[in-house]
Amino acid sequence: MRRADGYYAQFCLDQERIENRKPTGKTIGLDVGLTHFYTDSNGETVENPRHLRKSEKALKRLNRRLSRTQKGSNNRTKARNRLSRKHLKVSRQRKDFAVKLARCVVQSNDLVAYEDLQVRNMVKNRCLAKSISDAAWTQFRQWVEYFGKVFGVITVAVPPHHTSQNCSSCGKVVKKSLSQRTHRCFHCSYVQDRDWNAARNILELGLRTVGHTGTNASGDIDLCLGGEIPLDKSSRGKRKPKKRFLESPVF
Ligand SMILES: [Zn+2]
């Protein structure tokens, strides 16, 4: 495989990666935001990685430089090289951030719930800053799902509707505009940070979804149950399981 800074060989290991982990008794809901990378249902926030913000400026600069060079010139080749090396660096930084954070979230919880955001909606957004954080989020989600399988942790993508409008305390609808950063419920007088309230709703939806999988498994909801993967030899012989490989997301 050729990348901007050299050639790479890729190896695939056809081995199921399963790791043991003691249950923590904790569950978590994650709300993606513009101000933070996410806010969780415990009120903790994770910031957007600063190196990605910096890289985004550098990318813009390199793009401008490339457009100023003449076609077919040596300078153009150099500028194009510089730009693609920067792109590669950014994608590695993003992956590093996603892997570490996803692993940490999955290992410290028994269930992770997040919104099932459509990539479609995100692509519409032309703003570079937004698209970089969207890419980081999409990748983070893929790693959460991957580690969910590895560690036997339930990961649930819930429909993103009304998660910010509903009250996470009484469940009633409290309409608010995007600029309203605080949720104030006039039914039960619950006051909470907007994103924190949304994260609590997301967790609640996730828990409800999992409670219903026995009778009503929905195709829309991406649900990974760690227990699906046969672990011992006796069950393997009887059920003739399909060969399943856990593939890590590749970028
Ligand atoms: Zn309320």
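Our subject is the structure that appears above.
Since the structure is predicted, the reported quantities are computational estimates derived from the model, not experimental observations.

**Student:** Please clarify how the overall build of the protein should be interpreted in this entry.
**Tutor:** Regarding its fold elements, the protein presents 6 helices and 10 strands. A buried classification covers 37% of the 251 residues belonging to the protein. As displayed, the protein has an accessible area near 15900 Å², and 50% of this comes from carbon and sulfur atoms.

**Student:** Sorry, what's going on with helix α1 (residues 50-68) here?
**Tutor:** An α-helix turns once per 3.6 residues; consequently, residues spaced three or four apart project the same way. Compared with an ideal rise of 1.5 Å per residue, which puts 19 residues at 27 Å, α1 spans 28 Å between its outermost C-alpha atoms and is within 8% of the ideal. Listed as buried for α1 are L52, S55, E56, A58, L59, L62 and L66.

**Student:** Just checking my understanding: could you explain the environment of R194 for this structure?
**Tutor:** Within the fold, R194 resides in helix α5 (residues 194-211). Those residues in contact with R194 that lie beyond four places of it in its chain are S164, Q165, K176, S177, L178, Q180, R181, T182 and H183.

**Student:** For this particular structure, what's the right way to read the coordination of the zinc ion?
**Tutor:** For a metal with four tetrahedral donors the ideal donor-metal-donor angle is 109.5 degrees, while six octahedral donors give ideal angles of 90 or 180 degrees. For the zinc ion, every protein donor is listed as C167 (SG), C170 (SG), C185 (SG) and C188 (SG), and the spread of their distances is 2.2 to 2.4 Å. For the zinc ion, the single-chain donor residues occur in sequence as C-x2-C-x14-C-x2-C.

**Student:** Would you mind going over the pairing of strand β3 (residues 27-32) with me for this structure?
**Tutor:** Consecutive side chains of a regular strand alternate in pointing toward one face of the sheet and then the other. With 4 bridges connecting them, β3 and strand β6 (residues 111-115) associate as parallel partners. Bridging across to β6, T27 finds its partner in L111. Taken together, the 3 bridges between β3 and strand β4 (residues 38-40) define a ladder with antiparallel strand orientation. The residue of β4 that forms the bridge with V32 is Y38. Counted along the chain from β3 to the antiparallel partner β4, the turn is 5 residues long.

**Student:** Before we go on, may I ask you to explain the nonpolar core in this structure?
**Tutor:** Looking at soluble globular proteins, one finds that nonpolar side chains tend to be buried together. Residues L30, F37, Y38, L101, V105, V112 and F140 are the most contacted members of the largest nonpolar core, which totals 31 residues. Secondary-structure elements contributing two or more residues to this core are β3, α1, α2 (74-107), β6 and α4 (128-151).

**Student:** I would appreciate a short explanation of the packing of aromatic side chains in the present structure.
**Tutor:** Any pair of aromatic rings gets described here by the distance separating the centres and the angle formed by the planes. Across all of its chains, the model carries 10 aromatic pairs by this definition. Between the aromatic rings of F37 and F140, the centroid separation amounts to 5.5 Å while the plane-to-plane angle is 80 degrees, which identifies the pairing as edge-to-face. Here the residue F37 occupies a position in the loop between β3 and β4, and F140 occupies one in helix α4, the gap between them amounting to 103 residues. Exposure remark for F140: the relative accessible area of 1% places this residue in the buried category. Between Y38 and F140, the ring centres sit 5.8 Å apart and the planes meet at 35 degrees, which makes this aromatic pair tilted. Pair noted here: Y38 is in strand β4 and F140 is in helix α4, with a separation of 102 residues, a long-range link. Taken as a pair, Y38 and F140 share a single burial class, namely buried. Chaining the aromatic ring pairs together yields one cluster made of F37, Y38, F97, W137 and F140.

Analysis parameters
Residues numbered from 1 in each chain as written. Predicted model: local features only at pLDDT ≥ 70, side-chain atom pairs only at ≥ 80, totals over all residues. Heavy atoms only, no water. Helix = DSSP H or I, 4+ residues; strand = E, 2+ residues; numbered from the N terminus. Buried < 20%, exposed > 50% of the residue type's maximum accessible area, 1.4 Å probe, protein only. Areas by Shrake-Rupley, 256 points an atom, 1.4 Å probe, with all protein chains shown as cover. Expected span 1.5 Å × (residues − 1). Contact = heavy atoms within 4.5 Å. Donors = N, O, S within 2.8 Å, 3.2 Å for Na, K, Ca; no water. Pairing = 2+ DSSP bridges. Core = buried A, V, L, I, M, F, W, Y, C linked by side-chain atoms within 4.5 Å. Phe/Tyr/Trp six-rings, centres within 6.5 Å; stacked < 30°, edge-to-face > 60°.

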